[in-house]
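Below, each chain spelled out in residue letters.
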Amino acid sequence: MGFLGALVGEMLREQGGEALYDRVEGARRCAIAVREGSEPSQSLLDQLSGATPAEARDLVRAFSSYFQVVNLAEQTHRIRRRRAYLADADTAQPGSFRAILEQAEREGHTEDEILTVLARLVLEPVFTAHPTQATRRAVLDKQQSIARILVDRLDPSMTIPEERASRARLLEEITSSWQTDEHPQSRPSVADEREHVLYYLTEVIYRIVPPFFEDLEAALPGQEIPPLLRFGSWVGGDMDGNPSVSSRTVLESLAYQRQIIQSRYAAEMDRLAGRLTQSPEHAGFASAVFERIAVYSARYPDLIDSLPERQREMPYRRLLGVMAHHLRVGGYTKAEELAADLEVIAASLRQNHGRNAGLFGVRRLQRRLQTFGFHLATLDVRQDSEVLRRAIGEILESPDWAERDADRRLLRLRRLLDGSGSALPDVGLGGVGGSDGVTEETVAVFRALRQAQEIYGARSVGRFIISMAQGPDDVLTVLALARLAGCCDASGRVALDVAPLLETIADLEAGPEILRRLLEDPVYAAHLEHRGNEQMIMVGYSDSSKDGGIAASRWALQQGQARMADIAAEHGVRLVLFHGRGGTVGRGGGKTHRAILSSPAGSLGGRLRLTEQGETINAKYGLRGIALRTLERTTGAVLLATLRESRQETPRPEGAGEVMSLVASTSQETYRGLVRADGFIDYFRGATPIDVIERLQIGSRPASRRAQRGIEDLRAIPWVFSWTQNRTMLPGWFGLGRGLEEAASRFGVATLRRLAVRWRFFTTLLDDAETALATSDLQIARRYSELAGDLHDELFPVLTEEAGRAREMVLSIREQAQLLERSGTLRRSIRLRNPYIDPMSLLQIELLGKWRAGDRQDQDVLDALFATVGGIARGLQSTG
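Residues numbered from 1 in each chain as written. Predicted model: local features only at pLDDT ≥ 70, side-chain atom pairs only at ≥ 80, totals over all residues. Heavy atoms only, no water.

1. Remarks on unusual backbone geometry
- The phi dihedral of Met468 falls on the positive side, at around 55°, and the residue is not glycine.
- When you line up the elements, Met468 lands in the loop between β4 (461-467) and α19 (472-484).
- Non-glycine residue Glu815 carries a positive phi angle of around 55°.
- Looking at where Glu815 falls in the secondary structure, it is placed in the loop between α35 (790-814) and α36 (824-853).
- The class for Glu815 is exposed, based on a relative accessible area of 57%. (Helix = DSSP H or I, 4+ residues; strand = E, 2+ residues; numbered from the N terminus. Buried < 20%, exposed > 50% of the residue type's maximum accessible area, 1.4 Å probe, protein only.)

Quick look at the structure:
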């Protein structure tokens, strides 16, 4: 880091002069001294106080620039470690395919068992429309460029001139980043969000899909690996609370995705054509190759005639060239048609000594086509249940529809759908009820989905997800709206899969009964049979945690998933759980592979669908080496967990349920006692920078859903983001300490220690809470809390008491002297980062006071505050 730190210092001297550099260095040294205890905290405050907004912004941007290179250096170090493992024939990297298969073998699983699981294994990351990463695309591009240069510098054969050029390129990117405004001046559009997500899909993931399969094939030599990767997106389809998303953006997103992926295929075929230059004099060719050339020659005679004479003597080159043209002019209507032509070439190469003369490149394109099709990523659509109820109520001319008992709504919907009651109204192609156009647009979305299926294929459209789903009637509402909008197949059946999203603790607890009633409903059972008897349920980590705290949320999720898996099995239906996880512990974040291995028995079944959003996308998929490792480790964990499921090797320790039920209930009571207390909302708005976050232009939708009444309607992202910014990390630990204390009192701490060793679920919960506690800093948080005035004296002691209790209980159960005792790398990273984050936090506190005192009107102060939000987020590597 000395090298990169020196580059940042050189940039600061050039761009801001010696005065800025000296001020940054002074604050850095002072912050380190304060952390080491050799200077009082007031020393740092004195250094920072009195800075003008412009000075504060430059200071923050300087520290943020440091974290930009630190974060990228850490990612590069992970790639360096991976390369070291790959160079060592004797040691498998933990979590790699080789390591997972060795673990499976030690556990007694045969190769046939492994292949059986692989045949049905599906991993589907879904990139959501929540760009919580407080960094604009232009700066993100520069970060990727820096990362690529750092990766290139791993080459030990780099010459002195090459090293000089590499250093100059790094300094150029660091300086250019300094001169670029990190925060857009307007809220991003859906198109902006689409560009952000598609960047990772096309520039990173597209490239590493073939190596992913090649690594798995190397671990299972001689075996055919099925196309187990899929990708999804919410961008352009997530209507929940976002008026910018509509039937138009659904079709625009799918059209753009097709255009992007087909252009990638065409360019790759051009490159393959330049490599597959075999001629009949020196190689054999399958007759099918010449047959395909003849077909395309008849269709595009001018193209064939325009080829140079020497290229006409190269059959593969001729065929690939005309195939690329056929793709560009829209000749292929389905991905399967292109796949058939590619297989003609692949088969010919295999049959004619071409395995080492081009088959590798063709096989890579085939893997990409299997994974991305012509749709690139399946597009889900999501809408709030309240909007859907309102739409069907207006169409049925029932003004009191939303207020009716849910069973009454269900009965009428069932009669409408099975034909035993009055027929569904004919909404035609014109307008439908609703003075504000919401109902008309809701119906238009279903029409767009049907149109998308016809144009872009069945794989292009994912699930229709119902936010805040509370009962079977919400699911039948979607079927009714789809039916009346014509979203049906040739037989008149609804051609759409519906996934209720269970978000709150109460909804998760009700989930098993909702599923049972759905599966036993004759109308829905018939629909499900037509759709292959596969039911997806989305479970929300973010809102459930915001609703009841981390322990109650995790336990409700664990219990709900296990019960729903049992109910689905009873009814002969395959349950697919869609995990709505965020990036932080308070939103279900943490290490994905650990969460997979702690899943309740029977809940995986070889299928993992989960959301990826915000800074986690960049952290997991920002570099090719990191993206490959992410997919490898996640797939390996799903494989191993499913193998254990098949032998029922994940039993819950005796008495664990009773212990965890007490932890969860006590924790929830403690958590709700705080967040539902009188004055807490005012305290939250005073002690965190939520009012700044609400003004950040980092998402295309508002911070709250429905009409804001409290934290219930505040979205989980700004909720967690706010507690992250003020260094409290409250969603990741509050309430857990009291729950653990109560359980230790009733069952004994020895019981909790036993569970921490033997029960993966409990171990993962403690791991995540320990990380949140270690990352929090209540000394800094106290200064934020003081911004809340009199409420600080009332509520901050509650936070500090519970934080101390949680810390004490975690250490006692784990028999540790300090937090992260067994995670030296993370502990060291936090220790090294804190002195660089502290000045930004203290500046944010001072600026918040000024801005609020000026009735939040000073734009210069607000711009400086925006810089602090981005800098702290970069330092903590977390937003929400």
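2. Here we look at the environment of Met564
- Mapped onto the elements of the fold, Met564 is located in helix α23 (residues 550-570).
- Overall, Met564 belongs to the buried group, its relative accessible area being 1%.
- Residues Met564 and Gly511, spaced 53 residues apart in sequence, show a C-alpha to C-alpha distance of 7.2 Å.
- Each residue touching Met564, except ones within four places of it in the same chain, is listed here: Leu502, Gly511, Pro512, Leu515, Ile537, Val539, Leu575 and Leu577. (Contact = heavy atoms within 4.5 Å.)

3. Describing the packing of helix α1 (residues 2-36) against helix α3 (residues 53-87)
- Running from N to C, α1 and α3 point in directions that differ by 140°, and their axes come no closer than 10 Å. When the axes of α1 and α3 are compared, the pair comes out oblique. Where α1 crosses over α3, the two elements pack in a sense that is left-handed. Residues Leu4, Val8, Met11, Leu12, Leu20, Arg23, Val24, Ala27 and Arg28 of α1 lie in contact with α3, whose contacting residues are Glu55, Asp58, Leu59, Ala62, Phe63, Ser65, Tyr66, Val69 and Ala73.
- For the contact of α1 with α3, the residue count by class is 13 nonpolar, one polar and four charged. (Axes fitted to C-alpha atoms, helices over the stretch in contact; angles between N-to-C directions. Parallel < 35°, antiparallel > 145°, perpendicular 65-115°, else oblique. Left-handed = near helix turned anticlockwise from the far one by under 90°. Nonpolar A, V, L, I, M, F, W, Y, C, P; charged D, E, K, R; others polar.)

4. Here we look at the nonpolar core
- Within the largest apolar cluster, 268 residues are counted, with the highest numbers of intra-cluster contacts made by Tyr265, Met323, Leu338, Phe464, Tyr683, Trp719 and Phe762.
- By residue number, the principal contributor to this core is helix α8 (residues 190-219), which donates 14 residues.
- Not counting chain neighbours up to four residues away, the residues in contact with Leu338 comprise Tyr265, Met269, Met323, Leu327, Tyr332, Leu369 and Phe374.
- In terms of nonpolar packing, the next biggest core, distinct from the first, is built from nine residues, Val126, Trp234, Met536 and Met538 among them. (Core = buried A, V, L, I, M, F, W, Y, C linked by side-chain atoms within 4.5 Å.)

5. Some details on the pairing of strand β3 (residues 378-384)
- Among the seven residues that make up β3, seven are buried, leaving the element largely enclosed by the rest of the structure.
- Of the two faces of β3, both are covered, the one formed by Thr378, Asp380, Arg382 and Asp384 as well as the one formed by Leu379, Val381 and Gln383.
- Alignment of β3 against β4, held across five bridges, turns out to be parallel. Counted as the bridge partner of Arg382 is Ile465 from β4. (Pairing = 2+ DSSP bridges.)

6. A word on the state of the cysteines
- A complete count under the given rule lists zero disulfides for this structure.
- Take Cys488: it sits in no disulfide, and the sulfur closest to it among the cysteines is that of Cys487, at 6.6 Å.
- Judged by its relative accessible area of 12%, Cys488 is buried. (Disulfide = S-S within 2.5 Å.)

7. Brief notes about the pattern of salt bridges
- Scanning the model with the defined rule gives 56 salt bridges in all.
- For Arg167, the salt bridge goes to Glu10, with nearest N and O atoms at 2.7 Å. Residue Arg167 is found in helix α7 (residues 160-178), and its partner Glu10 is found in helix α1; the two are separated by 157 residues along the sequence.
- A residue is classified by how much of its surface remains accessible, and Arg167, at 30% relative accessible area, is partly exposed.
- We note a salt bridge from Arg516 to Glu570, for which the minimum N-O separation is 3.6 Å. Residue Arg516 is located in helix α20 (residues 505-520), and its partner Glu570 is located in helix α23; the two are separated by 54 residues in the primary sequence.
- Accessibility expressed as a relative area gives 26% for Arg516, which makes it partly exposed.
- What makes Glu570 exposed here is its relative accessible area of 55%.
- Sharing partners across several salt bridges, the network here consists of Glu124, Asp380, Arg463, Glu534, Arg574, Arg607 and Arg609. (Salt bridge = Lys/Arg side-chain N within 4 Å of Asp/Glu carboxyl O.)

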